[in-house]
Structures are given as C-alpha cells and as structure tokens.
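If you want the building blocks of each chain, they are given just below.
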Amino acid sequence: MNSSDRFVIKGGRRLMGEVEISGAKNAVVAILPAVLLCDEPCVIENVPDISDVVISLQILEELGAIVEKLGPHTYRIDATGIKSTCVPYESARRMRASYYFMGALLGRFSKARVSMPGGCPLGARPIDQHLKAFQKLGAQCKLEQGMVDLSANPLKGNQIFFDVVTVGATVNAILAAVKAEGLTVIGNAAKEPHIVDLASFLNSMGADIIGAGTDTIKIRGVKYLHGTDYPIIPDQIEAGTYMVAAAATGGNVLVKNVTVRHLNSIISVMEKIGVQIEADEEHDQVRVFTDGPLIKTNVKTRPHPGFPTDMQPQISTLLCLAEGTSMVKEDVSEQRFQYVDELRRMGADIQVDGKVAVIEGTGRLTGAPVKACDLRAGAALMIAGLAASGVTYVEDIFHVERGYSDMVGKLRALGAEIVKETHPDEAEPLLQENAG
Ligand code: EPU
C-alpha cells in the first residue's frame with residue numbers, strides 16, 4: 001500500500017444488490033492478541049482482510065508465534081513456543097490496538113514491555129484505566145522512554161471499577177485476569193459486541209468468564225486454556241456503513257452475514273431518517289432501501305447499546321442529504337468531527353460547536369478531492385462521494401484499509417463507479433473520460 005493511493009468515485013449511481021459483511025475489526029484486534037494466552041494452537045475463522053489484521057499477525061510472528069493461513073479468512077496460530085514479552089515502538093506505533101498485547105502478555109507471562117501506541121500521548125487518548133486495571137491485579141506499571149513496563153508476581157484477581165466506560169481497558173482487564181489467581185470482578189465494563197466476542201473466544205478455550213455484555217463481568221482465573229476453532233462475529237460498523245451507503249444513494253441493498261441485534265440502534269436511527277429497513281434475524285440479513293425523502297433527525301452517540309460513535313461520521317453524511325436541520329451530539333469520542341471540513345468541501349453545511357454538529361440538509365453534495373483523517377471519516381467521505389454529483393477523490397485511504405475489507409470490490413459489485421488509483425498522476429485522463 002502506497003500513501004499516495006486514493007479512491008476515485010464517480011457518484012450518482014444507486015447501489016443495488018447484495019453485500020457480504022466481513023468479520024469485526026474491533027473483535028479480531030482483541031482476539032488475535034488473546035491467542036497468546038492459549039496453551040495449544042488455535043484456529044480463527046472469519047478473519048477480515050484488513051491492514052490491522054496484517055499488523056496484528058506480524059506482531060504475533062515477531063513475538064515468536066507460528067501463523068499459518070489455512071484459507072482466505074482462516075488462520076491457525078501456534079503461540080505456545082513464544083519467549084519474547086516485548087512489543088517495540090516500530091511495531092506498536094502502527095496500530096492503536098497494539099496495546100492489547102499489554103494485557104495478553106501480562107496474562108501469559110506476568111510481565112510485558114509494550115510501547116505506547118503511536119501518536120497518542122497519555123494526555124490525549126489516555127490509558128489510565130488500562131493501567132489501573134493492571135495495578136488492581138497486582139502489576140507494577142512503569143512508563144519509561146515510551147514503553148509501558150508491567151510485572152506481577154503473580155497476578156491476583158480483584159475488584160476493578162472503571163471511572164469511564166472504556167472498550168480498550170475492559171479488553172485489557174479481561175486479558176490480564178483470565179489466568180490470574182482467584183476472582184476478578186470488573187464494574188462499569190463496556191458492553192460492546194466485541195467484548196462479548198472476546199469473552200466467548202476465551203470461554204471456548206476453557207476460560208471462566210460470565211457477564212460479558214453487561215456492565216459487570218466476573219472472571220475466575222484458570223490455569224490452562226486449550227485450543228479452539230472460533231469464528232469472529234460480523235462487523236456491525238461495516239454493516240452500518242453499507243446500510244447508510246445504500247440509503248445515501250437511494251439504492252436497494254441486501255446486507256448479508258450480520259447479527260441483527262447488534263444493529264438495533266443503527267436501524268432505529270435510520271428508520272427515523274425515513275429509510276426503509278427489513279431486518280431478517282433468521283437469515284442474518286437486512287434489506288435497506290428508500291421510498292421517500294430523508295428526514296432531519298437528532299442523533300446522540302452513546303456506548304453500546306446506544307448509537308455507536310464509529311457510525312457518527314457516516315450518519316452525519318446521510319443527514320446532509322436529508323431535508324431540514326439535524327443535530328448530532330458526540331458523547332463518546334473527542335475528535336470525531338475532523339471530517340467536517342472535508343465534507344464542507346463537497347457542499348455540506350455543517351457547523352460544529354464542541355460536541356455538537358448542526359447539519360443543514362442541503363439534499364445534495366458535489367464531488368471534490370478530500371482527505372480521510374481517520375477510518376470512519378474515510379468511510380463517510382466515500383459515502384458522500386457515492387451520493388455526490390461528479391467525481392470525488394479520497395486520499396489517505398490507508399485509514400480506510402485499516403478497517404474495511406475490499407471496500408472497492410464490494411461497492412463495485414453493488415454498481416458503484418469506484419477505482420483505487422495507485423499512481424494518481426496517471427489517473428487524470430481516465431477520470432476525465434468517466435466524468436461526463
Ligand atoms: N478513556 C479514558 N481512559 C482510558 C481509556 C479510555 O479516559 O484509560 C476514555 C477515552 O478518552 C474516550 C472514552 O474513554 O473518551 C472511550 O474510549 P474507549 O477506551 O472505549 O475507546 P478505545 O478502546 O480506544 C474502541 C474502538 C474504537 C471506538 C471506541 C468507542 C477498538 C480497537 N477501538 O476504542 O473504534 O471508537 O472504542 O466505542 O475497539 C473505530 O473502529 O474506528 C474505532 C476508533
């Protein structure tokens with residue numbers, strides 16, 4: 001992947017047909033480090049084809065694990081022989097979720113030395129709750145030269161109560177506690193589907209975790225975890241992104257391989273906006289289409305089961321295409337309105353004041369060159385490009401490729417006019433031909 005790669009989208013085509021959702025990014029980036037805790041080899045299925053997976057597998061290999069690809073989405077991982085407990089900066093900086101190696105290595109070896117994830121100093125996106133959990137379990141934590149040094153002798157179960165609801169710290173607490181002596185009780189835990197998936201994965205190896213999906217998780221430490229063969233849950237945010245893309249283009253799309261109950265808050269908001277949704281729990285699919293105008297709607301992000309912050313940029317883009325004034329309140333992440341400046345370049349009328357964006361629905365967007373500043377911002381700009389008149393160039397697409405499997409292939413199968421350009425200078429003639 002080249003940092004000058006870009007997506008080129010000629011907008012205005014209705015998305016029609018079917019799309020198959022891949023395994024969940026935020027589950028797999030927790031489950032791959034969790035493999036370190038397993039005392040036998042294990043097999044992970046439904047692994048999405050995204051760059052965060054490539055990085056996670058590379059870190060496992062650098063630590064000494066043997067990774068074998070058994071099929072397009074299936075990996076066998078044998079981490080039984082690893083000796084290293086260190087994840088250096090060069091590896092950790094490439095992916096924020098590399099901090100899950102802290103909990104996993106600590107849980108396995110009672111010690112770990114893992115670089116702080118790149119670009120995120122303690123102040124800006126803190127990990128104080130992660131460290132609090134490790135300390136509660138008896139670990140000493142030191143921060144030296146950007147490395148977090150953890151050691152325990154041994155880890156012991158305890159009560160952990162988080163001051164904020166945090167996905168990352170809940171994952172790390174589970175990873176560290178699963179083999180700790182005695183009982184750990186995590187209070188004010190995150191309830192996201194990927195927390196439940198991590199617990200189900202560990203339980204399938206013989207762990208004793210109850211309550212995942214509620215705000216109290218109880219973990220009784222076990223000594224041995226046996227091998228397992230485990231499929232990752234479908235990605236609720238990828239599903240939501242295609243649902244919004246279908247609605248934004250006035251299309252009709254069957255989104256397949258989803259867990260319908262994970263989509264409830266997204267479905268509920270989209271229905272308020274006037275989108276038609278036929279949810280089919282029996283066949284794990286939802287059909288999305290529009291048969292009237294999109295309606296202004298106020299949206300607030302909340303931790304699960306509320307409306308996810310990871311869908312906020314996409315739904316805000318949809319609201320640009322609705323009639324009237326909508327308000328979107330971001331209550332989970334601090335810097336989740338960075339995409340707004342780019343969307344304005346496509347004709348959006350959005351004012352941001354602190355946690356609130358006021359969106360004047362203009363009903364239309366126009367193509368422009370734009371930059372993805374993070375993963376979901378990139379997804380939102382792609383939706384905008386699909387719905388806009390004219391051509392949109394989305395740059396910095398490495399953000400998008402961190403979390404979406406084959407987005408170009410899936411969108412093209414739905415009838416979108418989109419290409420990935422790896423040599424932008426050569427792209428101009430092709431685009432001008434297409435632009436008419
Ligand atoms: N927080 C603290 N202290 C901590 C940890 C978090 O104050 O020690 C605060 C954060 O600053 C933030 C809030 O708690 O304001 C929630 O952060 P959380 O820890 O839940 O976020 P995260 O674990 O860093 C995960 C997802 C994000 C998603 C958030 C919120 C993964 C790998 N990442 O991040 O996903 O936005 O939860 O749901 O699971 C994405 O997929 O695009 C993405 C960014």
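All figures in this text were calculated on a predicted structure; none of them were measured in a lab.

Cut-offs applied
Residues numbered from 1 in each chain as written. Predicted model: local features only at pLDDT ≥ 70, side-chain atom pairs only at ≥ 80, totals over all residues. Heavy atoms only, no water. Core = buried A, V, L, I, M, F, W, Y, C linked by side-chain atoms within 4.5 Å. Buried < 20%, exposed > 50% of the residue type's maximum accessible area, 1.4 Å probe, protein only. Contact = heavy atoms within 4.5 Å. Near = heavy atom within 4 Å. Polar contact = N/O pair within 3.5 Å; in protein donor to acceptor, adjacent residues only side chain to side chain. Areas by Shrake-Rupley, 256 points an atom, 1.4 Å probe, with all protein chains shown as cover. Helix = DSSP H or I, 4+ residues; strand = E, 2+ residues; numbered from the N terminus. Nonpolar A, V, L, I, M, F, W, Y, C, P; charged D, E, K, R; others polar. Domains from an automatic or database assignment. Phe/Tyr/Trp six-rings, centres within 6.5 Å; stacked < 30°, edge-to-face > 60°. pLDDT = per-residue confidence, 0-100.

Chemist: Before we go on, may I ask you to explain the nonpolar core in this structure?
Modeler: When a protein is soluble and globular, its nonpolar side chains tend to lie buried together. Formed by 81 residues in total, the largest nonpolar core has its most connected members in Ile44, Ile77, Phe201 and Leu202. Ignoring sequence-local partners within four residues, the contact set of Phe201 consists of Ile31, Ala34, Val35, Cys42, Ile44, Thr228 and Tyr230.

Chemist: Explanation requested: the site of the ligand in the structure shown.
Modeler: With respect to spatial proximity, 23 residues lie near the ligand, and among them Gln129, Val167, Gly168, Asp310 and Arg376 are the closest. The contact in question runs from an oxygen atom of the ligand to an N or O atom on the backbone of Pro126, over 3.2 Å. Here an oxygen atom of the ligand and a side-chain polar atom of Asp310 are 2.6 Å apart. Protein chains shield 83% of the accessible area of the ligand, which is 830 Å² for the free molecule. Breaking the shell around the ligand down by element, the ones donating at least two residues are α1 (25-34), α5 (128-136), α6 (167-177) and α12 (375-387). Tallied by class, residues from the shell around the ligand come to ten nonpolar, six polar and seven charged. There are two domains that each give the shell around the ligand at least three residues, and those are domain 1 (6-22 + 234-435) and domain 2 (25-231).

Chemist: Would you mind going over the side chain of Asp310 with me for this structure?
Modeler: Looking at the secondary structure, you find Asp310 in the loop between β18 (299-300) and α10 (312-320). Exposure remark for Asp310: the relative accessible area of 17% places this residue in the buried category. Ignoring anything within four residues of it in the chain, the contact list for Asp310 reads Asn26, Ile237, Arg336 and Arg376.

Chemist: Help me understand the packing of aromatic side chains in this model?
Modeler: Geometrically, a pair of aromatic rings is defined through the distance of the ring centres and the angle of the planes. Considering all chains together, one arrives at three aromatic pairs under this definition. Relative to Tyr230, the ring of Phe201 lies with its centre 5.5 Å away and its plane at 65°, an arrangement referred to as edge-to-face. Linking Phe201 in helix α7 (residues 193-204) with Tyr230 in strand β14 (residues 229-231), this pair joins segments that are 29 residues apart in sequence. Here the aromatic rings of Phe337 and Tyr339 are separated by 6.5 Å at their centres, their planes lie at 45°, and the arrangement is tilted. A relative accessible area of 11% places Phe337 in the buried class. Look at Tyr339 and you get buried, because its relative accessible area is 2%.

Chemist: Which parts of the structure should I look at to understand the environment of Pro308?
Modeler: Note on placement: Pro308 falls in the loop between β18 and α10. Sequence separation between Pro308 and Ile267 is 41 residues; the distance between their C-alpha atoms is 12 Å. For Pro308, the contacting residues outside a window of four places in its chain are Ile237, Ser265, Ile266, Thr301 and Arg302.

Chemist: Just checking my understanding: could you explain the confidence of the model for the protein chain for this structure?
Modeler: Close reading of the predicted structure is inappropriate where its pLDDT is low. Per-residue confidence for the protein chain gives a mean pLDDT of 93, with 95% of residues at or over 70. Taken together, the stretch residues 119-123 has pLDDT below 50 and engages in five contacts with residues farther than four places along the chain or on a different chain. Throughout residues 427-436 the model reports pLDDT below 50, and contacts reaching past four residues in sequence, or to other chains, amount to 14 contacts.

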